[in-house]
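Each chain, written out:
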Number of protein chains: 2
Amino acid sequence: MTVSITDVARAAGVSASTVSRALRGRPGVSDEVRTQITAVAAELGYTASRSASSLASGRTYTIGVVAPYIGRWFFGTVLDAAEQVFSAAGYDVLLYNLGSSEARKRFFTKMPVRKRVDAVLSLLIPDEEESAALRSLGVPLASTVGGARPGFTVVGIDDRAGAESAVRHLVNLGHRRIGMIAGASGPLHWTTPIDRRAAYLHVLAEAGIEHDPALVADGDYTVDGGERAMTELLATSRPPTAVFAQSDEMAMGALRALRRHRLRVPEDVSVVGFDDHELADVVGLTTVAQPVAGQGAEAARLLLRQLDEPDSAPAGRVEMPIRLVLRDTTAPPRPRGPQ
Amino acid sequence: MTVSITDVARAAGVSASTVSRALRGRPGVSDEVRTQITAVAAELGYTASRSASSLASGRTYTIGVVAPYIGRWFFGTVLDAAEQVFSAAGYDVLLYNLGSSEARKRFFTKMPVRKRVDAVLSLLIPDEEESAALRSLGVPLASTVGGARPGFTVVGIDDRAGAESAVRHLVNLGHRRIGMIAGASGPLHWTTPIDRRAAYLHVLAEAGIEHDPALVADGDYTVDGGERAMTELLATSRPPTAVFAQSDEMAMGALRALRRHRLRVPEDVSVVGFDDHELADVVGLTTVAQPVAGQGAEAARLLLRQLDEPDSAPAGRVEMPIRLVLRDTTAPPRPRGPQ
DNA sequence: AAACTGAACGCAAACGCTTGCGCAACAGCG
DNA sequence: CGCTGTTGCGCAAGCGTTTGCGTTCAGTTT
């Protein structure tokens, strides 16, 4: 039915071991025989069974990638880049979408990656319990987005610095009532929302602006959530003149809400986002740019390096550059009359 | 080192076969022994090796998903939905990103999915040669997006009807010079761009409007491409008063180009897109909505059904509903003076 | 009481590879 | 011309499951 290594061996008049060595570039095969075997294998359309070879060798040539919300631009882009690096290196990618909490629970109880992968890349740093579970797999681990964790190579950005530059930009423009559309950490325990919030508070304090809790709303990292959050902020007794959204998608939701309220951006309200989403440019969104695909590719590369040099320690945490991109959604506040 | 089925068997005082049967819910094991084995397995943290079990059984409980451009909203969303269906059914997902032509070639020459998957879902209908290669795997096949192909269950939309409704909307508003930002089929041989182009031509002809080839530009299905295409159209001697973009991402690129040219939408130029992108609402884009996640989920479900009932024929082609969504980027053309 | 069930379980043979080891054959050396 | 290396290849023992078949044994039927 399907062609096996012994079929190739028979057709080439050699043993299965020789075929195995020849096809994988192992020494102990003469060039002459090797090319002959390669030709026969190609003619027969032979592909080695991954199940069999990984059972025999212990190597799976597969990387597990766990990601929340693949459909979201950020994670989709990271995944895309990481996958390209892996597949170029001959690794297959086993994808686990842990967006829902059931999926998350299913994954961590059944641990379907056990004995199935050579390494795991998590697109979001898992919480302590979950990372312990991953460590128990005994394979190299990497993560994008989030703080350092023992056993993990993580590539990320300086969230505090990024958020600070965004808020400071608003302060420098003269804004005093600055709102924030925060991302709740939700079921995922990542440090990003926390760091960005801390940065917001820090810059306000630094500028001598008193923090008004009513000016912070949760946007859930989605467009719709951002819209709801902005609507909330507009409903307060003294709405903000500027808003820092912790992601571009929430910022875009905010833009939508503002449009619905017939408020002009940036004349009535300034908005700054975070990420430099592919479409941020389209809507002219001022934002903090970070290398999204770059982080995925870099994390993948570091993981591959660990596989090549098993005794090298995990790389710890590497930081990618960020940059404030000024566009059209931020301006000085409108002068107002006395309240 | 890692715990195997014989470890469990020894600890439970039974044979490996009994453990195997017990854990997979096969008959031939008393309830008493079964619960005891389950407990022991849990205590030892046992997970069956997929390599070994698929080698022995022939089943891999893995689905291969091949997708172009995972980072793009459309495919990311389809993938997300499909993955959820698969993993809920206990299948793992092996992801292959075939965005670049090298990746594509690598995939179809090495065929890494051979003997590795129980079924394949392609997020884009492959060309005839490639689908023949997939058929040679001898597993159920499904695809989203594109026309029917032998051996494939495909779920898609009526591209012609969708595009017609978009262009007809522009005609009904009174536009006569209607441009199109097309998507080149590029290295991928899918029918979508062709169908949408045919629909465009058809509606023009139907309305008695002569087709001007200068009003069609290629946008490559990207935001940047859309911007370039729109810029091209604006550079013609008689620019269009309305544009039909074959995807929302290209439409958003067009919006950006128009903004850069200080042209107002919809007063100066109307724009209609296709897809109902997550952010289409944010920019107020009129578009043809299609169920994106729905197509991924449905294709996944149909594939699983084929796996459950091996003798059932592939479902052929199922069509999902589309709907024109009117927003703010389309309006009647501005009355003009004589030319 | 003997013969016949069926359920519950163990044995052992696959499944298709990888890899340590052994064995020719042959080259180079003194 | 014997000796030691080296090269090229085959043998066979795994790797951790699944599964057809055989065995045991308690319970039922004649």
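Sequence positions are assigned chain by chain, starting from 1 and proceeding in written order. Chain letters and ligand numbers both follow the written order, the letters beginning at A and the numbers at 1. This being a predicted model, a pLDDT of at least 70 is required before a residue's local features are given, and a value of 80 or more before pairs of side-chain atoms are given or counted; all residues contribute to the totals for chains, interfaces and linings. The side-chain quantities take in all heavy atoms of the structure and omit both hydrogens and water.

Colleague: Would you explain the overall build of chain A in this entry?
Modeller: Numbering of helices and strands runs from the N terminus; a helix is a DSSP stretch of H or I covering at least four residues, while a strand is a stretch of E covering at least two. When you go through chain A residue by residue, the secondary structure sums to 12 helices and 12 strands. Based on C-alpha atoms, the radius of gyration is set beside the globule rule, defined as 2.2 Å times the residue count to the power 0.38. The globule rule puts the C-alpha radius of gyration for 339 residues at 20 Å, and the 26 Å found for chain A is more than 25% above it. Once the C-alpha set of chain A is aligned to its principal axes, its extents read approximately 95 × 35 × 35 Å. When accessible area is computed with a 1.4 Å probe and restricted to protein chains, residues below 20% of their type maximum are described as buried, those above 50% as exposed, and intermediate ones as partly exposed. The 339 residues of chain A split such that 56% are buried. Per-residue and other accessible areas follow the Shrake-Rupley method at a 1.4 Å probe size, with only the shown protein chains counted as cover for residues. Looking at chain A as shown, the accessible area adds up to about 14,000 Å², and 53% of this sits on carbon and sulfur atoms. Residues scored as charged are limited to Lys and Arg (positive) and Asp and Glu (negative), so that His and the chain ends carry no count. A single reference atom marks each charge: NZ on Lys, CZ on Arg, CG on Asp, CD on Glu. For chain A, the distance from the average site of its 37 positive side-chain charges to the average site of its 39 negative ones is 3 Å.

Colleague: Help me understand the sheet that holds strand 10 (residues 286–289) of chain A in this model?
Modeller: Either a parallel or an antiparallel arrangement is found when strands of a sheet pair, and the pairing is made through backbone hydrogen bonds. Residues and elements named next belong to chain A. Note: two strands are recorded as paired if DSSP finds a minimum of 2 bridges between them. Reading across the sheet, the six strands line up as 7-6-8-9-10-12 and stay open at both edges, with mixed pairing between neighbours. Either end of the sheet is taken by a strand with one partner, and the two such strands are strand 7 (216–218) and strand 12 (323–325). Here the strands of the sheet are splayed against their neighbours by 20° on average, with no regard to which way each runs. In terms of strand pairing, strand 8 (residues 242–245) meets strand 9 (residues 270–275) through three bridges, oriented parallel. Within strand 9, the position partnered with Val243 by the bridge is Val271. What counts as an axis is a line fitted to C-alpha atoms, over the stretch in contact for a helix, and the angles between N-to-C directions run from 0 to 180 degrees.

Colleague: Please clarify how the protein's contact with DNA strand D should be interpreted in this entry.
Modeller: Summary of the distance rule: residues count as near a molecule or strand when at least one heavy atom falls within 4 Å of that molecule or strand. By nearness alone, 27 residues border DNA strand D, and Thr18, Ser30 and Val33 of chain A together with Ile5 and Ser20 of chain B come closest of all. Counting only atoms of DNA strand D within 4 Å of the protein, the sugar-phosphate share comes to 65%. Contact between DNA strand D and Ala56 of chain A: a base oxygen at 3.4 Å from a main-chain N or O atom of the residue. Here Tyr46 of chain B contributes a side-chain N or O atom positioned 3.0 Å from a phosphate oxygen of DNA strand D. Polar contacts, as used here, are pairs of N or O atoms within 3.5 Å; protein pairs need one atom able to donate a hydrogen and one able to accept it. Residues neighboring in sequence count only if both atoms are side-chain atoms.

Colleague: How should I be thinking about the pattern of salt bridges in this particular structure?
Modeller: For side chains of opposite charge, pairing can occur when their charged atoms come near one another. Salt bridges are defined by distance alone: a side-chain nitrogen of Lys or Arg within 4 Å of a carboxyl oxygen of Asp or Glu. Applying the stated criterion to the full structure yields 44 salt bridges over all chains. For Asp281 of chain B, the salt bridge identified is with Arg256 of chain A, shortest N-O distance 2.7 Å. Here Asp281 of chain B, found in the loop between strand 9 (270–275) and strand 10 (286–289), pairs with Arg256 of chain A, found in helix 11 (residues 248–260), and the two come from separate chains. Note on Arg256 of chain A: relative accessible area 2%, which makes it buried. Between Arg135 of chain B and Glu128 of chain B there is a salt bridge, with its nearest N and O atoms 2.8 Å apart. For Glu128 of chain B, a relative accessible area of 37% translates into the label partly exposed. Each of Asp224, Glu227, Arg256 and Arg260 of chain A together with Asp276, Asp281 and Arg327 of chain B takes part in a single network of salt bridges with overlapping partners.

Colleague: I tried to follow the interface of chain B and chain A on my own but got confused; where do I start?
Modeller: Interfaces are often described in size by the accessible area the parts lose on coming together. Contacts between chain B and chain A engage 53 residues on the former and 54 residues on the latter. Here chain B and chain A share an interface that buries about 4,400 Å² over both sides, 48% of which is from carbon and sulfur atoms. Once two parts are joined, some of their accessible surface, as seen by a 1.4 Å probe, is lost; buried area is that loss totalled over both. Looking only at chain B, the three residues that lose the most surface to chain A are Lys115, Arg116 and Val282 of chain B, adding up to 15% of its buried area. Put simply, chain B and chain A have eight salt bridges between them. In this structure, Asp328 of chain A engages Arg259 of chain B in a salt bridge whose closest nitrogen and oxygen atoms are separated by 3.0 Å. Summed over the shared surface of chain B and chain A, the number is 33 residue pairs in polar contact (both at pLDDT 80 or more). For the side of chain B that touches chain A, the elements supplying multiple residues, two or more each, are helix 4 (50–57), helix 5 (73–88), strand 2 (92–97), helix 6 (101–110) and helix 11 (248–260) of chain B. Here the element with the most residues in the side of chain B that touches chain A is helix 5 of chain B; it accounts for nine residues. Classification used: nonpolar for Ala, Val, Leu, Ile, Met, Phe, Trp, Tyr, Cys and Pro, charged for Asp, Glu, Lys and Arg, polar for all others including Gly. Of the residues contributing to the side of chain B that touches chain A, the split by class is 20 nonpolar, 17 polar and 16 charged. The sheet contact formed by strand 2 (residues 92–97) of chain A and strand 2 of chain B spans three bridges and is antiparallel. Throughout, a residue-residue contact means that at least one pair of heavy atoms, one from each residue, lies within 4.5 Å.

Colleague: Quick question: what am I supposed to make of the domain arrangement of chain A here?
Modeller: All names here are of chain A. Segmenting chain A into domains produces domain 1 (5–48), domain 2 (62–157 + 292–321) and domain 3 (159–290). In this document the domain limits rely on a domain assignment from an automatic tool or a database. Placing the centre of domain 2 and that of domain 3 at their C-alpha centroids yields a distance of 29 Å. Across the boundary between the two partners, domain 2 contributes 17 residues, which contact 18 residues of domain 3. Summed over both partners, the interface of domain 2 with domain 3 buries about 1,500 Å², with 59% contributed by carbon and sulfur atoms. By the criterion of area lost to domain 3, the three top residues of domain 2 are Arg72, Trp73 and Ile157, representing 42% of everything that side buries. In this assembly, domain 2 and domain 3 are joined by zero salt bridges. Inspection of the domain 2/domain 3 interface yields three residue pairs in polar contact (both at pLDDT 80 or more). Those elements giving two or more residues to the side of domain 2 that touches domain 3 turn out to be helix 5 (73–88) and helix 12 (292–308).

Colleague: When you look at helix 11 of chain A in this model, what are you seeing that I'm missing?
Modeller: Given 3.6 residues to a turn, an α-helix orients residues that are three or four positions apart in the same direction. All names here are of chain A. In this analysis, the expected span of each helix is defined as 1.5 Å times one less than the number of residues it contains. When the terminal C-alpha atoms of helix 11 are compared, their 18 Å separation across 13 residues agrees well with the 18 Å that a helix rising 1.5 Å per residue should span. In terms of burial, helix 11 is largely enclosed, as 11 of its 13 residues are buried. When helix 11 is considered as a whole, its buried residues turn out to be Asp248, Glu249, Met250, Ala251, Met252, Gly253, Ala254, Leu255, Arg256, Ala257 and Leu258. At its buried positions, helix 11 is contacted by helix 5, strand 6 (178–182), helix 10 (223–234), strand 8, strand 9 and strand 10. Following helix 11 by one or two positions, Arg262 adopts a phi angle in the positive range, close to 55°.

Colleague: It is not clear to me how the relation of the copies chain B and chain A should be interpreted in this structure. Could you clarify?
Modeller: What relates the pair of chain copies is a rotation about an axis plus a shift along that axis. Each copy is superposed on the other by least squares, with the fit set by C-alpha atoms of residues at a pLDDT of at least 70 in both. For the pair chain B and chain A, the superposition axis carries a translation of 0.1 Å, the fit reaches an RMSD of 0.2 Å, and the rotation angle comes to 180°. The relationship between the two copies is best expressed as a two-fold rotation axis. Most of the interface of chain B is mirrored in chain A, where 100% of its interface residues again form contacts.

Colleague: What should I look at first to understand the sheet that holds strand 8 (residues 242–245) of chain B in this one?
Modeller: Residues and elements named next belong to chain B. The six strands are arranged 7-6-8-9-10-12 in an open sheet whose pairing can be described as mixed. The outermost strands of the open sheet, each flanked by one partner alone, are strand 7 (216–218) and strand 12 (323–325). With direction set aside, neighbouring strand axes in the sheet form an average angle of 20°. One ladder, built from three bridges, connects strand 6 (residues 178–182) with strand 7; its direction is parallel. Pairing of Ile181 across the sheet is with Ala217, part of strand 7. Across the sheet, helix 10 (residues 223–234) lies against strand 6, strand 7 and strand 8, angled at about 150° from strand 7, the strand it touches most.

Colleague: Is there a simple way to think about the side chain of Thr286 of chain B in this case?
Modeller: All names here are of chain B. By the secondary structure assignment, Thr286 is in strand 10. A relative accessible area of 0% places Thr286 in the buried class. A distance of 3.1 Å separates polar atoms of two side chains, one belonging to Thr286 and the other to Thr330. Those residues in contact with Thr286 that sit more than four places away from it in its chain are His169, Val271, Val272, Gly273, Leu324, Val325, Leu326, Arg327, Asp328, Thr329 and Thr330.

Colleague: What exactly am I supposed to notice about the protein's contact with DNA strand C here?
Modeller: As a structural note, the neighbourhood of DNA strand C is formed by 27 residues, with Ile5 and Ser20 of chain A together with Thr18, Ser30 and Val33 of chain B the closest of them. A share of 65% of the atoms of DNA strand C within 4 Å of the protein falls on sugar and phosphate groups. A distance of 3.3 Å separates a phosphate oxygen of DNA strand C from a polar atom in the side chain of Arg24 of chain A. When contributions to the surface near DNA strand C are tallied by element, the ones reaching two or more residues are helix 2 (16–23) and helix 4 (50–57) of chain A together with helix 2 (16–23) and helix 4 of chain B. The greatest single-element share of the surface near DNA strand C, amounting to five residues, is contributed by helix 4 of chain A. For the surface near DNA strand C, a count of residues per class yields 11 nonpolar, 11 polar and five charged.

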